[in-house]
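Chain residues, written in single-letter form:
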Amino acid sequence: MAPLIFFTGQMRNLGASFGHRDFMDDSSSSLNFISDSRKLNALHQEPGILLKEPIGIIYRDENDTSVSYQSSDKEQSIPIENASRKERILEQNTSEIENREIVSILQENETENVALRAEDNTNQELQEVTKPRKISLGGSEKLTAENQIIQKVIPDVRVRQMRDQLIRARVYLNLAPIRNNAHYVRELRQRMKELQRSLGEASKDSDLPRSAGDRMKTMEQTLAKGKQLYDDCSAAVKKLRAMVHSTEELLRAHKKQNTYLTQLAAKTLPKGLHCLSMRLTTDYHALTSSEQDFPNKEKLDDKNLYHYAIFSDNILAVAVVVNSTVFHAKEPEKHVFHVVTDKLNYPAIKMWFLANLPGKATIQIQTVDEFTWLNSSYSPVLRQLGSASMKEYYFRIHHSNADSNLKYRNPKYLSILNHLRFYLPEIFPNLNKVLFLDDDIVVQKDLTALWEIDMQGKVIGAVETCGESFHRFDKYLNFSNLLIARNFDPNACGWAYGMNIFDLEEWKKQNITGIYHRWQRLNKDRQLWKLGTLPPGLITFYNLTFILNKSWHVLGLGYNPNLGSAEIERAAVIHYNGNMKPWLEIAIAKYKHYWTKYVKYDHIFLQLCNISE
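For the structure given in this document, a descriptive report is provided here.

Cut-off values and rules
Residues numbered from 1 in each chain as written. Predicted model: local features only at pLDDT ≥ 70, side-chain atom pairs only at ≥ 80, totals over all residues. Heavy atoms only, no water. Helix = DSSP H or I, 4+ residues; strand = E, 2+ residues; numbered from the N terminus. Buried < 20%, exposed > 50% of the residue type's maximum accessible area, 1.4 Å probe, protein only. Contact = heavy atoms within 4.5 Å. Areas by Shrake-Rupley, 256 points an atom, 1.4 Å probe, with all protein chains shown as cover. Polar contact = N/O pair within 3.5 Å; in protein donor to acceptor, adjacent residues only side chain to side chain. Disulfide = S-S within 2.5 Å. Pairing = 2+ DSSP bridges. Axes fitted to C-alpha atoms, helices over the stretch in contact; angles between N-to-C directions. Core = buried A, V, L, I, M, F, W, Y, C linked by side-chain atoms within 4.5 Å. Patch = residues over 30% accessible without salt bridge, like charges linked within 9 Å, V, L, I, M, F, W, Y side chains within 5 Å. Salt bridge = Lys/Arg side-chain N within 4 Å of Asp/Glu carboxyl O. Expected span 1.5 Å × (residues − 1). Phe/Tyr/Trp six-rings, centres within 6.5 Å; stacked < 30°, edge-to-face > 60°. Lys NZ or Arg CZ within 6 Å of the ring centre and 35° of its normal.

## Here's the deal with the overall build of the protein chain
When you go through the protein chain residue by residue, the secondary structure sums to 24 helices and 12 strands. Going through the 613 residues of the protein chain one by one, you find that 44% of them count as buried. By sequence separation, contacts in the protein chain at least 24 residues apart represent 75% of the contacts at least 6 residues apart. Of the roughly 34,100 Å² of accessible surface on the protein chain, 52% is carried by carbon and sulfur atoms.

What follows is the structure, encoded as structure tokens:
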């Protein structure tokens, strides 16, 4: 009897507040709903396929906050302004109760529905789980917080599932029993075309068109038909393994072809640069002998100035190195650039700088042919570069049978310009220190502090490049050779060429050139290291390298697309080491502007040769 008395008392209180008639009307509708909900609970639930969307979190209407409740021991009252507002509040509360009842019913069945979907198809379950789950509350739809989190963490779930559907479709097309069903094959091919159109080049779900979801469902239904037509899992697994093996073989072939074509592109001189060189050469030979000289010759041997060595045959590359260095120099009049090139490119490079003097800085252009002391009787590397075995190694016709690492067969290693870095004291006999710069670098800060570093008796200053397991000595040298194994530590850190300060006085004292020649003679058959300048550099300057702070020199802009912009912008020198040089079409686009801003694209010769950003 107690619940009945309590209920009667509540009716009396509410009747006093709202009026007997109003309460009875609303109470009646609420009771009718409860009766209906019991009927729902009594109904046999249909399979989970009928439930299109999983039920997520129910969001209340934000207008609920407009209702204020005041409670006491004897009564519960709702402040209202007028009769119509009272009716809306009661309807809203009743609607909320209805929604809660419906949601509880649906959530009870959701576990069974998910289990059925899991048994039927795992991918379909993934699709349903990752869809935006919505439910109508008073006509409004809201995305659940759970699905928002899933989409942020896994932004390409649908893209992956679409690709998975295409793979499954290809497997079905390759199974004999299904191929014999012409009607199904036509349907499957049509679904594949539709799915491929929707997928396109998308890499994340936000790139997909709105129709992608419907096409995924349609494809899933078609795949379900295929599963009914052919349910031999062992045959499907064998076919998948064969497809994986075939794909891996195709991938290896494409990688090999890509490596070869990339190497070829890196070795090729762009048409625009060739045009520029020809025009500059023509203009240089039209000058008189007095017009072919640079000013400030007296600074070339001044030990109190800052001297740079650049060895290159690329006009634009050298121009960027010089321009960027001078731009950031605090006292440009104290900087001297010594550029050495080959006989072919000497007129063009000299003409460029005669027409575009580097401000207050001093520049000198030399050709390697001027170094009469550099000959095959003095330099073992010159003898090796001219040998028949070396030419055969570089220019053999069947490249596929050659060294698997094609970078070692780059013809730049045949150029003596690449080996001049081992002859700095001979090239600059009157200088104490020289900063060596590669032609694929850009200077971003004043470099004069490098000449003030106390190198503590070391010969070369460089930035280390090794991490926990890469860029160590065993990456560059052949430690299966006893001569290498006895003299060097395989775990010693490698370092970077490209921006190096050299103490030429210490070089002469420790006879570094003699050490270099000795190891070059021992490596005449290339058994100690592959060709290049870094391996002999690591050997020659072993235990003679002063390690510079990493902010002086950041590498990888010619091959690594994942460098951070903050790291690049903090660096004093950035280096485009690798094949993707900034003057080539294959350059990494997001790094290119660091280089192009130092190129004078408004120069008449660059415009005539169609050289642009």
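## Examining the side chain of Lys581
Note on placement: Lys581 falls in the loop between β12 (573–575) and α23 (589–596). A distance of 3.1 Å separates the side chain of Lys581 from the backbone oxygen of Gly578, its partner in a polar contact. Residues in contact with Lys581, not counting those within four places in the same chain, are Asp440, Tyr576 and Ala587.

## A word on the state of the cysteines
Two cysteines joined by a covalent bond between their sulfur atoms form a disulfide. As enumerated under the stated definition, the model contains two disulfides in all. Here Cys275 pairs with Cys609 through a disulfide, and the sulfurs are 2.1 Å apart. Looking down the S-S bond of the Cys275 and Cys609 bridge, the torsion is -70°, so its handedness is left-handed. One end of the pair, Cys275, is in helix α11 (residues 271–285); the other, Cys609, is in the segment after α24 (604–608), and 334 residues separate them in sequence. Assessed through its relative accessible area of 23%, Cys275 is described here as partly exposed.

## Here we look at the sheet that holds strand β8 (residues 460–462)
The strand order across the open sheet built from seven strands is β5-β4-β3-β6-β9-β8-β10, with neighbouring strands paired in mixed fashion. This sheet does not close on itself; its edge strands, each paired only once, are β5 (362–367) and β10 (545–547). Across the sheet, the mean angle from the axis of one strand to that of its neighbour is 25°, orientation sign disregarded. The strands touched by helix α13 (residues 346–355) within the sheet are β4 (335–341) and β5, with β5 carrying the most contacts at an inclination of about 170°.

## Notes on the nonpolar core
Generally speaking, nonpolar side chains in soluble globular proteins are found buried as a group. If you look at the biggest cluster of nonpolar residues, it comprises 67 residues, and the most contacted ones within it are Leu276, Phe353, Leu435, Leu447, Leu450 and Trp595. Examining the composition of this core, we find that nine residues originate from one element, helix α12 (residues 315–328), more than from any other. Contacts of Leu450, omitting those with residues within four sequence positions, involve Leu435, Met499, Ile501, Leu548 and Trp552. The next biggest cluster of nonpolar side chains, apart from the first, holds 44 residues, and it includes Ile416, Phe428, Leu477 and Trp507.

## Considerations on the sheet that holds strand β11 (residues 553–554)
The three strands are arranged β7-β12-β11 in an open sheet whose pairing can be described as mixed. Edge positions in the open sheet fall to β7 (441–443) and β11, since each of these has one partner strand only. Note: β7 against β12, three bridges, orientation antiparallel. Among the inter-strand pairings, Val443 is bridged to a residue of β12, identified as Val573.

## Brief notes about the pairing of strand β9 (residues 499–503)
Summarising burial for β9: five of the five residues are buried, a large majority. Going residue by residue along β9, you find Met499, Ile501 and Asp503 tucked away on one face and Asn500 and Phe502 tucked away on the opposite face as well. Pairing geometry for strand β6 (residues 433–437) and β9, over five bridges, is antiparallel. Following the sheet pairing, Phe436 is matched in β9 by Asn500. When β8 meets β9, the two strands line up antiparallel, connected through two bridges. From the neighbouring strand, Ile460 faces β9, where its bridge partner is Phe502.

## Some points on the environment of Leu435
As for its placement among the helices and strands, Leu435 is situated in strand β6. Measuring from C-alpha to C-alpha, the distance between Leu435 and Phe502 comes to 6.3 Å, with 67 residues separating the pair along the chain.

## Observations concerning a nonpolar patch on the surface
Residues Tyr260, Leu261 and Leu264 make up a contiguous nonpolar surface patch of roughly 260 Å² in combined accessible area. Residue position: Leu264 is located in helix α10 (residues 233–267).

## Here's the deal with the environment of Asn577
By secondary structure assignment, the location of Asn577 is in the loop between β12 and α23. Between the C-alpha atom of Asn577 and that of Gly498, which follows or precedes it by 79 residues, the distance is 8.3 Å. Residues in contact with Asn577, not counting those within four places in the same chain, are Asp440, Leu555, Gly556, Leu557, Gly558 and Tyr559. Here the side chain of Asn577 touches Gly556 through a polar contact of 2.7 Å, landing on its backbone nitrogen.

## Points about unusual backbone geometry
In this model, Gln456 sits at a positive phi of 55°, which is unusual for a non-glycine residue. Note that Gln456 resides in the loop between β7 and β8. Residue Asn511 is not a glycine yet carries a positive backbone phi of 50°. Among the structural elements, Asn511 can be located in the loop between α19 (504–509) and α20 (512–522). On the accessibility criterion, Asn511 (48% relative accessible area) is partly exposed.

## Quick word on helix α6 (residues 157–173)
Taking 1.5 Å of rise per residue, the 17 residues of α6 would be expected to cover 24 Å, and the 25 Å separating its terminal C-alpha atoms lies within 8% of that figure. Those residues of α6 not exposed but buried are Val157, Val159, Gln161, Met162, Gln165, Leu166, Arg168, Ala169, Val171, Tyr172 and Leu173.

## Considerations on the packing of aromatic side chains
Under the defined criterion, the tally for this structure stands at 24 aromatic pairs. Geometrically, the ring pair formed by Phe502 and Trp507 is tilted, given 5.6 Å between the ring centres and 55° between the ring planes. Trp507 gets classed as buried once you look at its relative accessible area, which sits at 2%. Across from the ring centre of Tyr497, 4.7 Å away, lies the NZ or CZ of Arg421, which sits over that ring. Just above the ring of Trp519 sits the side chain of Arg518; from NZ or CZ to the centre is 5.0 Å.

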